[in-house]
2 protein chains.
Amino acid sequence: MEQKGILIVISGFSGAGKGTLVRALLKKYDEYVLSISMTTRTPRQGEQEGVEYFFTDREHFEETIERDGLVEYAQYCGNYYGTPKAYVEEQLAAGRNVILEIEIQGALKVKKKYPECLLIFVTPPNVEELERRLVGRGTESREIIKKRMSRAVEESEGVEAYDYIVVNDRLEECVEEIHYLVNAARRAPVRRKEFIQGIRKELLSLAKGVQE
Amino acid sequence: MEQKGILIVISGFSGAGKGTLVRALLKKYDEYVLSISMTTRTPRQGEQEGVEYFFTDREHFEETIERDGLVEYAQYCGNYYGTPKAYVEEQLAAGRNVILEIEIQGALKVKKKYPECLLIFVTPPNVEELERRLVGRGTESREIIKKRMSRAVEESEGVEAYDYIVVNDRLEECVEEIHYLVNAARRAPVRRKEFIQGIRKELLSLAKGVQE
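Residues numbered from 1 in each chain as written. Chains lettered and ligands numbered in written order. Predicted model: local features only at pLDDT ≥ 70, side-chain atom pairs only at ≥ 80, totals over all residues. Heavy atoms only, no water.

By the naming in an unreviewed UniProt entry, chain A is Guanylate kinase, taken from Acetatifactor muris. Reading the Sequence similarities (unreviewed entry) entry of the UniProt record for chain A gives the comment "Belongs to the guanylate kinase family." (UniProt positions renumbered as here; feature names shortened; annotations may be inferred.)

This is the structure:
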């Protein structure tokens, strides 16, 4: 078993409870850490550098893009948001599983760059529940609901690109399920490259020995 | 969760202990059945129709090939060997996981035909153990060892096509690991098609409702 951590991308429908799920996972198991994003937006009251975000300016952010220092990034409302590579790779090398909570477009970019990352999509247990969570309690504007809905449609179109779909019905069970899936994922060839290389090398030298 | 069974292909290096592993899995959990092959070879002493094999003649076997009635087939020493579709599909429909124990070429053919099948590759824990099992106790001919070795090299080249690699170190643990991986595999999108289709359909109709 290789001891490097796994990069885990968690996405899911609006209202699927990803945030709660991730917090519960972090609390329960030491081997997970949350990736901290870098942003150019101004800190809000109470936000601390290196806790909620790494705060920076546009110049430094664009320099970081230039030198390929981000796992992924996006612009939103005129600000940059991105995942610094250095922190992620440091944690993975230390054997910790790093969680990114990002939407589908970002998830696909990460998979392209890190084929060994694990994509998990979180969904409510059924369509009735999904509707309830998307539409809300009738207190939200039609515009917000429309936006959420079209995003959910887009997400549902891309779900085949994910490694696993988990149903968030009961929080505790869902946390266990994610932990279970991460352990299963360690057995995929893409995450056992060293083991495979070792076997191949040895087999070739054995085969050579037998031929002589 | 869909209730259909999963088609599981188990391959692995010669001497990896696949046979023992599969028998232990079948004994421990009711939800697994072993696929029974059809062959044109003559039954050996004690072999029973429908237990070790379904025995048949070349004409019937070739008819079965013609009407696409086999999951996969191969010729070996002048005889046909193949996996009848009817039995496999019946068992899957009844919610049982069907195990095929076949080599890599067959495994790849099955994956092409059944993209939702699960490919598991079994390996000894390390190269020393692999060597011991391949070379044996010095009682076997150089020809047999050469053959095994070149097959193992071929298998090691194709291992990336498998979903999971499991290390057969301790039998009991390895049985549990396979059972664990099969359960994890149920969360992959390729095996949750109905659930995904259901969500998509409902989302589209919800989105339409919001637009109006």
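Engineer: Residue-level account of the relation of the copies chain A and chain B, with values.
Structural biologist: The transform that puts chain A on chain B rotates by 180° and translates by 0.0 Å along the axis, for an RMSD of 0.0 Å. Here the two chains are linked by the operation of a two-fold rotation axis. Within chain A, Ala-184 of chain A has its C-alpha nearest the rotation axis, a separation of 3.3 Å. The share of interface residues of chain A whose copies in chain B are also at the interface is 100%, consistent with both copies meeting through the same surface. (Least-squares fit on C-alpha atoms with pLDDT ≥ 70 in both. Contact = heavy atoms within 4.5 Å.)

Engineer: Can you explain the UniProt feature "binding site: ATP" (unreviewed entry) in chain A? Please cite residues and give values.
Structural biologist: All names here are of chain A. Taking the numbering used here, the UniProt-annotated feature "binding site: ATP" (unreviewed entry) corresponds to Gly-12, Phe-13, Ser-14, Gly-15, Ala-16, Gly-17, Lys-18 and Gly-19. The subset of the named residues that lines the largest cavity consists of Phe-13. Along the polypeptide, Gly-12 turns up in strand S1 (residues 7-12). Owing to a relative accessible area of 4%, Gly-12 belongs among the buried residues under this scheme. Contact partners of Gly-12, with chain neighbours within four places excluded, come to Lys-18, Phe-121, Val-122 and Glu-155. Here Lys-18 is to be found in helix H1 (residues 18-28). Among the residues examined, Lys-18 registers a relative accessible area of 16% and is labelled buried. The residues contacting Lys-18, other than those within four sequence positions of it, are Ile-10, Ser-11, Gly-12, Phe-13, Glu-101 and Val-122. (1 Å grid on protein atoms, 1.4 Å probe; cavity = no way out; pocket = protein on both sides within 12 Å on 5 of 7 lines; lining within 4 Å. Helix = DSSP H or I, 4+ residues; strand = E, 2+ residues; numbered from the N terminus. Buried < 20%, exposed > 50% of the residue type's maximum accessible area, 1.4 Å probe, protein only.)

Engineer: Would you mind going over the environment of Glu-116 of chain A in detail, with residue names and values included?
Structural biologist: Residues and elements named next belong to chain A. Relative to the elements of secondary structure, Glu-116 occurs in the loop between helix H4 (104-113) and strand S8 (118-123). Classification of Glu-116 by relative accessible area gives partly exposed; the value is 25%. For the pair Glu-116 and Arg-192, spaced 76 residues apart in the sequence, the C-alpha separation amounts to 9.5 Å. Excluding anything up to four places from it in sequence, Glu-116 contacts Lys-4, Ile-6, Val-190 and Arg-191.

Engineer: An account of the packing of helix H5 (residues 127-135) of chain A against helix H6 (residues 142-157) of chain A is needed here, citing residue identities and associated values.
Structural biologist: Residues and elements named next belong to chain A. Interaxial distance between H5 and H6 falls to 9 Å at its minimum, and their mutual angle equals 140°. Overall, the two elements H5 and H6 adopt an arrangement that is oblique. Residues Arg-133, Leu-134 and Val-135 of H5 lie in contact with H6, whose contacting residues are Ile-145, Arg-148, Met-149 and Ala-152. Residues of the contact of H5 with H6, tallied by class, amount to 5 nonpolar, no polar and 2 charged. (Axes fitted to C-alpha atoms, helices over the stretch in contact; angles between N-to-C directions. Parallel < 35°, antiparallel > 145°, perpendicular 65-115°, else oblique. Nonpolar A, V, L, I, M, F, W, Y, C, P; charged D, E, K, R; others polar.)

Engineer: Hey, could you go over the sheet that holds strand S4 (residues 53-55) of chain A for me, with residue numbers and the actual values?
Structural biologist: Residue and element names in this part refer to chain A. Taken together, 4 strands build an open sheet; the order of strands is S4-S3-S6-S5 and the sheet is mixed. The sheet is open, and its two edges are formed by S4 and strand S5 (70-76), each paired on a single side. Shown here is a sheet whose adjacent strand axes are inclined to one another by a mean of 25°, direction ignored. Relative to strand S6 (residues 79-84), strand S3 (residues 37-39) is paired through 2 bridges, and the arrangement is antiparallel. Within the sheet, the bridge partner assigned to Met-38 lies in S6 and is Gly-82. Its contacts with the sheet place helix H3 (residues 85-93) against S5 and S6, and it is angled at close to 25° to S6. (Pairing = 2+ DSSP bridges.)

Engineer: Let's hear about the packing of helix H1 (residues 18-28) of chain B against helix H7 (residues 171-185) of chain B: which residues, and what values?
Structural biologist: Residues and elements named next belong to chain B. Running from N to C, H1 and H7 point in directions that differ by 65°, and their axes come no closer than 9 Å. Judged by the inter-axis angle, H1 sits roughly perpendicular to H7. Taken as a pair, H1 and H7 cross one another with a handedness that is right-handed. For the pair formed by H1 and H7, the contact residues are Thr-20, Leu-21, Ala-24, Leu-25 and Lys-28 on the first element and Leu-171, Glu-172, Cys-174, Val-175, Glu-176, Ile-178 and His-179 on the second. Residue composition of the contact of H1 with H7, grouped by class: 7 nonpolar, 2 polar and 3 charged. (Left-handed = near helix turned anticlockwise from the far one by under 90°.)

Engineer: Describe the interface of chain A and chain B, with residues and values.
Structural biologist: A common way to state how big an interface is: give the accessible area lost once the parts meet. Taken together, the contacts link 46 residues of chain A with 46 residues of chain B. A buried area of about 4200 Å², summed over both sides, lies between chain A and chain B, and 67% of it is on carbon and sulfur atoms. Considering only the side of chain A, the residues that lose the most area to chain B are Tyr-180, Arg-200 and Leu-203 of chain A, jointly responsible for 15% of the buried surface there. At the boundary of chain A and chain B, one finds 14 residue pairs in polar contact (both at pLDDT 80 or more). Of all the secondary-structure elements, those providing two or more residues to the side of chain A that touches chain B are H5, H6, strand S9 (164-167), helix H7 (171-185) and helix H8 (193-211) of chain A. Top contributing element to the side of chain A that touches chain B by residue count: H8 of chain A, with 12 residues. Taken together, the residues that form the side of chain A that touches chain B break down as 28 nonpolar, 6 polar and 12 charged. (Buried area = accessible area lost by both parts, 1.4 Å probe. Polar contact = N/O pair within 3.5 Å; in protein donor to acceptor, adjacent residues only side chain to side chain.)

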